Amino acid sequence: MKFWHWLLKNARLFPLTTGFIIFLILSIVTLLIGFGSTIMPEHPFFNDFFLIFNNSSVLMGWLSMTLAWSVALLAWAHREEAKHNFKYAGDKLSPIKDSFDASLILTSFHGTQTEWHIRNIEPKRIELVWTEKTREKAKEIFNMFEDIESIDSKNKNSGITNEQAYDIIIIKQHCISLLKSILEKYDKEKVCVDLTSGTAVMSIAAFQASEEMEVTSIYLRGETYNPKFGFIISDKKVSDPNEANVIILSDHRKK
């Protein structure tokens, strides 16, 4: 396994050099066999080898062609699927209410985005991704919406530390774990990940998790202009469905 890891790593880092070395090794082996067959044409090894080689070449040709078409088809399908998922990127979600049954939300320090999401989308279940800085706000949200299902409603989940908020691997695994728990009960087409809040690393990690688990990702764009922060969701209008727009990032809903 170490050899294959080494080979794959070098093929990625030095594709031309690695490809040339492999080509050179195979060419040398072929030339040695060809040279041996020239000086000892009657040797049974070379007679048997070229018979096997001739028959296997035909078979490998067909297998290679079949494999090449399969790989090409899969690559095309992946590209088309990605194009479809991002086809609606930037579109506004409509209608908003009951558009999703469960939500994974990056907790906001101010809390208005999270509260607006819950009040207006009205998911039946929420899971919050919170840090030490947003722990109290997460508690406040859970206390505010006690009737909504959540495995973290009593803060049993340890969340992530302030330092881990900048560790993309830890955050991604944390989000995947929460999404797996959600998907045990809810269809992925009715699950979303809200990337409005959190650090940039948290947003990227949560987006990667949502793509890997094939659930829709969104963000909220407020309608109230604040000279310091730009467009925000006003805490005075948090119950107003027109106070924010739900913007699609990657759409995995059935069309």
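Scroll up for the structure.
In this report, the structure presented in the accompanying data block is examined. Fair warning: this is a prediction, and the values are worked out from it, not measured in the lab.

Let us now look at the overall build of the chain. Along its length, the chain carries seven helices and seven strands. Secondary structure of the chain in N-to-C order comes out as α-α-α-β-α-β-α-α-β-α-β-β-β-β. Contacts in the chain between residues far apart in sequence, at least 24 positions, make up 67% of those at least 6 positions apart.

Let us look at helix 7 (residues 200–212). An ideal rise of 1.5 Å per residue puts 18 Å on 13 residues; helix 7 measures up with 18 Å between its terminal C-alpha atoms. Taken as a whole, helix 7 has its buried residues at M202, S203, A205, A206, A209 and S210. Here the buried residues of helix 7 occupy an arc of 165 degrees about the axis, which is enough to place them on one side. Taken together, the buried residues of helix 7 touch strand 1 (102–106), strand 2 (125–129), helix 6 (168–183), strand 3 (191–194) and strand 4 (216–222). Immediately beyond the C-terminal end of helix 7, within one or two residues, lies E214, with a positive phi of roughly 60 degrees.

What follows deals with unusual backbone geometry. Leave glycine aside and you will find that most residues have negative phi; peptide bonds, for their part, are mostly trans. Cis peptide bonds are those with omega within 30 degrees of zero, and the linkage from S94 to P95 qualifies with -5 degrees. Within the secondary structure, P95 sits in the loop between helix 3 (44–85) and strand 1. The phi dihedral of D98 is positive, around 60 degrees, even though this residue is not glycine. Among the structural elements, D98 can be located in the loop between helix 3 and strand 1. Its identity as a non-glycine residue notwithstanding, E122 has a phi of 60 degrees, on the positive side. Along the chain, the position of E122 falls in the loop between helix 4 (112–121) and strand 2.

Let's shift gears to the nonpolar core. Within the largest apolar cluster, 22 residues are counted, with the highest numbers of intra-cluster contacts made by L104, V129 and L179. Looking at this core, the elements that each hand over two or more residues are strand 1, helix 6, strand 3 and helix 7. Excluding residues within four positions of it along the chain, V129 makes contact with L104, I105, L106, T107, I160, H174, C175, L178 and M202. Core analysis: the next-biggest nonpolar cluster, separate from the first, contains 13 residues, L93, C192, A244 and V246 among them.

This next bit is on the pattern of salt bridges. Pairs can form between side chains of opposite charge once their charged atoms are near each other. In total, this model carries 10 salt bridges according to the counting rule given. A salt bridge links R253 to D251; the shortest N-O distance between them is 2.9 Å. For R253, a relative accessible area of 22% gives the class partly exposed. Among the charged side chains, a salt-bridge network with shared partners connects R125, E127, E149 and K185.

This part takes up the side chain of S99. Secondary-structure assignment places S99 in the loop between helix 3 and strand 1. What S99 contacts, discounting residues up to four positions off in sequence, is L93, I121 and K190.

Inspection of the secondary structure assignment puts I171 in helix 6. Along the primary structure I171 and A205 are separated by 34 residues, whereas in three dimensions their C-alpha atoms are 6.0 Å apart. With residues near it in sequence (within four places) discarded, I171 still touches I160, Q164, A165, Y166, V201, M202 and A205.

Right, let's talk about the pairing of strand 1 for a bit. The buried fraction of strand 1 is high, at five of five residues. Here strand 1 shows two buried faces, one formed by A102, L104 and L106 and the other by S103 and I105. Bridge analysis of strand 1 against strand 2 gives five bridges, and the strand direction is parallel. Bridging across to strand 2, A102 finds its partner in R125. The β-α-β motif built from strand 1, the intervening helix 4 and the parallel element strand 2 has right-handed crossover chirality. By the bridge criterion, four bridges tie strand 1 to strand 3 in an arrangement that is parallel. Following the sheet pairing, I105 is matched in strand 3 by D194.

Rules used throughout
- Residues numbered from 1 in each chain as written.
- Predicted model: local features only at pLDDT ≥ 70, side-chain atom pairs only at ≥ 80, totals over all residues.
- Heavy atoms only, no water.
- Helix = DSSP H or I, 4+ residues; strand = E, 2+ residues; numbered from the N terminus.
- Contact = heavy atoms within 4.5 Å.
- Expected span 1.5 Å × (residues − 1).
- Buried < 20%, exposed > 50% of the residue type's maximum accessible area, 1.4 Å probe, protein only.
- Arc of directions from axis to C-beta.
- Core = buried A, V, L, I, M, F, W, Y, C linked by side-chain atoms within 4.5 Å.
- Salt bridge = Lys/Arg side-chain N within 4 Å of Asp/Glu carboxyl O.
- Pairing = 2+ DSSP bridges.
- Right-handed = clockwise from strand over helix to strand, strands pointing away.

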